[in-house]
Amino acid sequence: MKTYKYILIILFFIGGTISCDLDEILEEQPKDFLSPENSFTDKAGFESALAHIYLTIRTHMYANSDSRDNFDMLGMGLDLACNRANNTAYTDYFQWNIFNEDKGFVNKWWTRFYAWVYHANVIIGRAEEDGVNWESDEEKNAIVGEAKFLRAFAYHFLANMWGDVPLVLEETAAAKFDYTQVSQLAVYQQCKEDLEFAVQWMPTVDQLPGGRAPRAAAYHLLAEVNISLADYDGAIAAASKVIDDQNYHLMTERFGQWTNFQFNGYDYLGEYEAWGDVYWDLFRENNMNWQEGNREAIWNIEMDLTMIGGGNVGQWGGNFGLERWWHPDWWRQKDKNGVSNWLMDTLSGRPNGGMYVTPYADIQIWEYKDDWDRDIRNSKYNIQRTYYWTNPSSEFYGQPITIDNCGNKGDLYRHISTSFKKGVSAVHHNQFQDSSSGQGHDNGRIYKDWYIMRLAETFLLRAEAYLRKGDKANAAKDINEVRNRAQATPVTDGDVDIDLIMDERARELYMEEFRFNTLTRTGTLVERLMRYNPVVVQNGYALGDHLNKLPIPSAEIEANSEVQLEQNPGY
């Protein structure tokens, strides 16, 4: 809600520095610069405003800064990934044992989600004003439907992560200090109302460019919201609208631009061989968009090295640093003789080592049904667990990096931790060149059109709805749609519970799903922290169930001076 505070500051500044009547300022008609008054006059103006929201979502979720903090919604500090101090100890990103309403994470995401709401409300409200040149009601409703989808997208995070929150449905034109909360149920109901409008009017994927949410994205989100409303039949129906849509299907055969790719292995010394499988293909550059032939993609962000606005801004090539922050810096290590390793381009680049896979995501989930060597998501193409000495000057050239031959024994495992290759470029654009090896790299940046929604998740949402309805047979069928593509052992009705679905989401959607949102939505955050978060387990923290919901930021409670916002219990 700080957006509204900024408006107040701007108005104060104008009033204090210009000697004229405030009403005249507010009534002034701009003619030689863009403003809300002359921007929202036709479809193009409204599409520009929608593009701004998409850009904001991309920035907030993936590319706000060159920092691991970019990815704290994707599983960092939860059950999937943690910061690591040395071979045995982890560091606590969230500090769960003292987590409170002053944590930066809490204020950051509260403010961001309400910024999305604000911009969506501007579009929804101004679309109804006189003077807008709509070609038809259908044209207007398509714009409004898309804005309502984006508003619901923001509010579903707020409801899942906080519960009872203010529900703002109109453009806020001045500072406001009397927001009131509504129930979590009321927020979900508003999301459902917005999405039911959106699915009537949003274009289908074949009518849109990449990066813009299609109608199927609204159905996908409606399925999730209906689960939260305990409307399981409605969730099944919404998910089925996507699953049964002829525009979509799981990719079960190799596809795209990388089917002929060859690689000589992670030691870079072997014979070149055909490399990859269909799961690997899903995460290759120029393979991730529906418009590029990927019929599993529902909604992606757009990244492009060569395009203005493609996420490549800045001295170091932009901020979408999944490769940089989520993969180990094995290439920077020295052997026990002090000889430095070499950076390599192919399927590596220049990772920095900022987050590390938990034992749960590295080992436990792949041991299920003895599928370690069967599930292709755990194949050598998709996960790397062994790293090699690549400098020919090293006595150990071509050998695995181990505790016995490395020079930095105390925290070696931090530098050779497991790497999920979906977040790594197969071949880089060579924006930079390593001074030692001469190999090209992109400084840990990637230019993939990363998934926000993918059909595999839709199957798992429908499976969850079937489970909660009590229909384990159909839940197992949907889970097996995902597992069959991965060549994993099928599950039976008796296997299905919420733990299985959370585990399957980890196997399929690691580094993709908004894991924090999923765990708060399902009320499993505390349980899974206690079982799978290394910091919580090692320190024996006894976490309270109140952590299943975030606290309202203390700054927001203080700023809302005319009405008391009720803090969530336990804070």
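Preceding this section is the structure that the text describes.
Residues numbered from 1 in each chain as written. Predicted model: local features only at pLDDT ≥ 70, side-chain atom pairs only at ≥ 80, totals over all residues. Heavy atoms only, no water.

Undergrad: Explanation requested: the overall build of the chain in the structure shown.
TA: A tally of helices and strands in the chain yields 20 helices and 13 strands. Overall size of the chain, expressed as C-alpha extent along the three principal axes, is 80 × 60 × 50 Å. When burial is assessed residue by residue, the chain has 58% of its 571 residues classed as buried. On the chain, roughly 22700 Å² of surface is accessible, and the fraction owed to carbon and sulfur atoms is 47%. Of the side chains in the chain, 53 bear a positive and 84 a negative charge, and the two mean positions are spaced by 6 Å. (Helix = DSSP H or I, 4+ residues; strand = E, 2+ residues; numbered from the N terminus. Buried < 20%, exposed > 50% of the residue type's maximum accessible area, 1.4 Å probe, protein only. Areas by Shrake-Rupley, 256 points an atom, 1.4 Å probe, with all protein chains shown as cover. Lys, Arg positive; Asp, Glu negative; His and termini not counted. Charge placed at Lys NZ, Arg CZ, Asp CG, Glu CD.)

Undergrad: Would you mind showing me how to read unusual backbone geometry here?
TA: Excluding glycine, most residues fall at negative phi; most peptide bonds, likewise, are trans. Positive phi values are uncommon outside glycine, yet Gln95 reaches one of about 50 degrees. Its place among the elements puts Gln95 in the loop between strand E2 (90–91) and helix H5 (104–126). The class for Gln95 is partly exposed, based on a relative accessible area of 34%.

Undergrad: Before we go on, may I ask you to explain the environment of Ile53 in this structure?
TA: Within the secondary structure, Ile53 is located in helix H4 (residues 43–62). For Ile53, a relative accessible area of 2% gives the class buried. A sequence separation of 430 residues divides Ile53 from Arg483, and the C-alpha atoms of the two residues are 35 Å apart. Setting aside residues no more than four positions away along its own chain, Ile53 makes contact with His119, Ala120, Ile123 and Leu150. (Contact = heavy atoms within 4.5 Å.)

Undergrad: Would you take a moment to explain helix H14 (residues 455–469) for this structure?
TA: Every α-helix winds through 3.6 residues per turn, so residues three or four apart in the chain are directed the same way. Taking 1.5 Å of rise per residue, 15 residues should cover 21 Å, and H14 covers 21 Å from first to last C-alpha, within 8% of that figure. With respect to burial, H14 is a largely interior element, 13 of its 15 residues being buried. (Expected span 1.5 Å × (residues − 1).)

Undergrad: Which parts of the structure should I look at to understand the packing of helix H15 (residues 472–485) against helix H16 (residues 498–509)?
TA: Any two packed helices are characterised by the angle at which their axes cross and by the distance between the axes. Close contact between H15 and H16 brings their axes to 11 Å; oriented N to C, the two are set at 30 degrees. By the angle class used here, H15 and H16 are roughly parallel. Classified by chirality, the crossing of H16 by H15 is left-handed. Of the residues in H16, those in contact with Ile479, Val482, Arg483 and Arg485 of H15 are Leu500, Ile501, Glu504, Arg507 and Glu508. Residue composition of the contact of H15 with H16, grouped by class: 4 nonpolar, no polar and 5 charged. (Axes fitted to C-alpha atoms, helices over the stretch in contact; angles between N-to-C directions. Parallel < 35°, antiparallel > 145°, perpendicular 65-115°, else oblique. Left-handed = near helix turned anticlockwise from the far one by under 90°. Nonpolar A, V, L, I, M, F, W, Y, C, P; charged D, E, K, R; others polar.)

Undergrad: Even after reading the chapter, I still don't get the side chain of His60, so can you show me in this structure?
TA: Examined against the element boundaries, His60 turns out to sit in helix H4. Taking the relative accessible area as the measure of exposure, His60 reaches 13% and is therefore buried. Not counting residues within four places of it along the chain, the set of residues in contact with His60 comprises Asn70, Trp109, Arg112 and Trp116.

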